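One letter stands for each residue in the lines below.
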Amino acid sequence: MQQLEKASAKINLSLDVLYKRDDGFHEVEMVMTTVDLADRIELTYVDRDVIKVESENRFVPNDERNLAYRAAKLMKDHYGVRKGVRIFIEKNIPVAAGLAGGSSDAAAVLRGLNRLWDLNRSIDELAELGAQIGSDVSFCVYGGTAHATGRGEKVRALPAPPPCWVVLAKPTIGVSTQTVYQNLNLDKAEHPNTEAMIDALNRGDFASICQNVGNTLEGVTLNLHEEVGQIKEQMRQGGADAVLMSGSGPTVFALVEQDARAQRIYNSLKGFCEEVYIVRMLGYRE
Ligand SMILES: C[C@](O)(CO)[C@H](O)COP(=O)(O)OP(=O)(O)OC[C@H]1O[C@@H](n2ccc(N)nc2=O)[C@H](O)[C@@H]1O
Ligand SMILES: Nc1ncnc2c1ncn2[C@@H]1O[C@H](COP(=O)(O)OP(=O)(O)OP(=O)(O)O)[C@@H](O)[C@H]1O
């Protein structure tokens, strides 16, 4: 018995950090959307009480450190399941990139095992459970476009952005989310206007979406890695409608309405970055 799941990457159209909480996490307010760059997760039923994780990507751990493993373990423990699974991850999303690759794999495992193990749980229940794995997992369970609050786990659906191209470019460095949050100085940080972003989405106003992209964590990663600023500049020069770092970075994305411009930006970055993609937003929950 097999179950295939698509695990899509996300970008943060806006990311505001409000304050540091007593539990060490930061209270955030984000607008996120999934894009058409995805890992492929293959779940195979095993008639023994085991979880095995395999991937051909050398940056992805094959043991209990893998978020996909942790998702399967959580499902087993939470629902008292005595069945097993072999998880194969075809990794297409860059690792440690700010695109929620690991979180999306975990979310895909929650959705897939719900079917493979006949658990019949609701998507809301899976999203709530996913928060125990990581702050981005709840959003990834749903996908689409959403407003996420709390530490990221409170998710409310929003309308899809109008169609456009998204050029993603990741410099060769990886960035630890924890390090970026630790280096954030909230007294000096910039804050996006989340309300204006939500309003722009509700009106389907592409120009206003572009005007209101913003990420409080961007300044931190820009200071740590000058490549991020260089990519932003190159995208701007290529005529992008909006340019922003996603999550804690280091991936930068450009929103571009015109086909020719998107292609030009993609081509110009190809020589500069190893990992460049030209994709569409998925927009709605699949
Ligand atoms: C940067 C984002 O990706 C934006 O979408 C998320 O805020 C991070 O989500 P994530 O990778 O799922 O993060 P987690 O695995 O939950 O946390 C990693 C580390 O980031 C920091 N962290 C994360 C989320 C949050 N709201 N406040 C934090 O301070 C904590 O130090 C935590 O130990
Ligand atoms: N399934 C997985 N795929 C990728 N990395 C994983 C996975 N499971 C665990 N990891 C570990 O998590 C680290 C962060 O990887 P990931 O690709 O999820 O980061 P990210 O895209 O920055 O996430 P986010 O945007 O949620 O902060 C990696 O360095 C890797 O060691």
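Residues numbered from 1 in each chain as written. Chains lettered and ligands numbered in written order. Predicted model: local features only at pLDDT ≥ 70, side-chain atom pairs only at ≥ 80, totals over all residues. Heavy atoms only, no water.

Student: Please give an account of the overall build of the protein that cites residues and values.
Tutor: Helix and strand counts for the protein come out as 10 helices and 11 strands. Relative to the globule expectation of 19 Å for 286 residues, the C-alpha radius of gyration of the protein, 18 Å, shows essentially globular dimensions. Each principal axis of the C-alpha atoms in the protein carries an extent, and together these give about 55 × 40 × 35 Å. Excluding contacts between residues fewer than 6 apart, the proportion of contacts in the protein whose partners are at least 24 apart in sequence is 75%. When the accessible area of the protein is evaluated, it comes to approximately 12900 Å², of which 43% is carbon and sulfur surface. Charged side chains of the protein number 32 positive and 39 negative; the gap between the two group centres comes to 4 Å. (Helix = DSSP H or I, 4+ residues; strand = E, 2+ residues; numbered from the N terminus. Rg over C-alpha atoms; globule rule 2.2 N^0.38 Å. Contact = heavy atoms within 4.5 Å. Areas by Shrake-Rupley, 256 points an atom, 1.4 Å probe, with all protein chains shown as cover. Lys, Arg positive; Asp, Glu negative; His and termini not counted. Charge placed at Lys NZ, Arg CZ, Asp CG, Glu CD.)

Student: Explain unusual backbone geometry to me, using residue names and the numbers behind them.
Tutor: P250 follows G249 through a cis peptide bond whose omega is 5°. Even without a glycine there, the phi angle at A100 is positive, about 60°. Checked against the element boundaries, A100 lands in the loop between β4 (84-90) and α2 (101-116). The phi torsion at D118 lies on the positive side, around 50°, for a residue other than glycine. Along the chain, D118 turns up in the loop between α2 and α3 (123-130).

Student: I'd like a rundown of the packing of helix α1 (residues 67-79) against α3, residues and numbers included.
Tutor: Two packed helices can be described by the angle between their axes and the distance between those axes. Look at α1 against α3: their axes get within 11 Å of each other, and the N-to-C directions meet at 110°. On the basis of the axis angle, α1 is roughly perpendicular to α3. α1 and α3 meet at a crossing whose hand is right-handed. Judged by residue contacts, L74, M75, H78 and Y79 of α1 engage E125, L126 and L129 from α3. (Axes fitted to C-alpha atoms, helices over the stretch in contact; angles between N-to-C directions. Parallel < 35°, antiparallel > 145°, perpendicular 65-115°, else oblique. Left-handed = near helix turned anticlockwise from the far one by under 90°.)

Student: Please set out the site of ligand 1 residue by residue, giving values where relevant.
Tutor: Neighbouring ligand 1 are 20 residues, the closest being H26, S135, D136, R151 and Y181. In this structure, an oxygen atom belonging to ligand 1 sits 2.7 Å away from a side-chain N or O atom of D136. Side-chain polar atom of Y181 to an oxygen atom of ligand 1: 2.8 Å apart, as the coordinates give it. Secondary structure elements with two or more residues in the shell around ligand 1: β1 (2-20), β2 (26-46) and α5 (177-182). In terms of residues, the shell around ligand 1 owes the most to one element, β2, which gives 4 residues. (Near = heavy atom within 4 Å. Polar contact = N/O pair within 3.5 Å; in protein donor to acceptor, adjacent residues only side chain to side chain.)

Student: Quick one: what's the story with the site of ligand 2, residue by residue and with numbers?
Tutor: By nearness alone, 20 residues border ligand 2, and A96, G98, G102, D136 and T177 come closest of all. N66 has a polar side-chain atom sitting 3.0 Å from a nitrogen atom of ligand 2. One nitrogen or oxygen atom from the side chain of S103 is found 3.5 Å from an oxygen atom belonging to ligand 2. Ranked by residues supplied to the shell around ligand 2, first place goes to α2 with 4 residues.

Student: Lay out the side chain of S248 in plain terms, naming residues and giving numbers.
Tutor: Inspection of the secondary structure assignment puts S248 in the loop between β9 (242-245) and β10 (252-256). Among the polar contacts made by the side chain of S248, one reaches the side chain of T177 at a distance of 3.1 Å.

Student: Before we move on, can you summarise the nonpolar core with the specific residues and values?
Tutor: Formed by 66 residues in total, the largest nonpolar core has its most connected members in M75, V85, I87, V109, L113, V167 and M235. The residue makeup of this core includes at least three contributed by each of domain 1 (2-157) and domain 2 (165-280). (Core = buried A, V, L, I, M, F, W, Y, C linked by side-chain atoms within 4.5 Å. Buried < 20%, exposed > 50% of the residue type's maximum accessible area, 1.4 Å probe, protein only. Domains from an automatic or database assignment.)

Student: Describe the packing of aromatic side chains, naming the residues involved and giving the relevant values.
Tutor: By the definition in use, this model includes 0 aromatic pairs. Geometry around W165 places R280 over its ring, the cationic atom sitting 4.1 Å from the centre. (Phe/Tyr/Trp six-rings, centres within 6.5 Å; stacked < 30°, edge-to-face > 60°. Lys NZ or Arg CZ within 6 Å of the ring centre and 35° of its normal.)

Student: Can you tell me about the sheet that holds strand β7 (residues 165-170), naming the residues and giving the values?
Tutor: A sheet is described by the order of its strands in space; here 4 strands give the open sequence β9-β10-β7-β11, paired in antiparallel fashion. Here the strands that pair on one side only, and so sit at the sheet edges, are β9 and β11 (275-280). Direction aside, the axes of adjacent strands within the sheet are offset by 20° on average. Here 6 bridges tie β7 to β11, and the two strands are oriented antiparallel to one another. When the bridges of β11 are listed, L168 appears paired with Y277. Each of β7, β9 and β10 touches helix α9 (residues 226-237); the most contacted strand, β10, lies at about 10° to it. (Pairing = 2+ DSSP bridges.)

Student: Give me the lowdown on the domain arrangement of the protein, citing residues and values where you can.
Tutor: Per the domain assignment, the segments of the protein are domain 1 (2-157) and domain 2 (165-280). Across the contact, 28 residues belong to domain 1 and 33 residues belong to domain 2. When domain 1 packs against domain 2, close to 2200 Å² is buried across both sides, 67% of that on carbon and sulfur atoms. For domain 1, the biggest contributors to the area lost against domain 2 are L13, L15 and V17; these three give 24% of the whole. Here domain 1 and domain 2 share 0 salt bridges between them. Here domain 1 and domain 2 share 13 residue pairs in polar contact (both at pLDDT 80 or more) between them. (Buried area = accessible area lost by both parts, 1.4 Å probe. Salt bridge = Lys/Arg side-chain N within 4 Å of Asp/Glu carboxyl O.)

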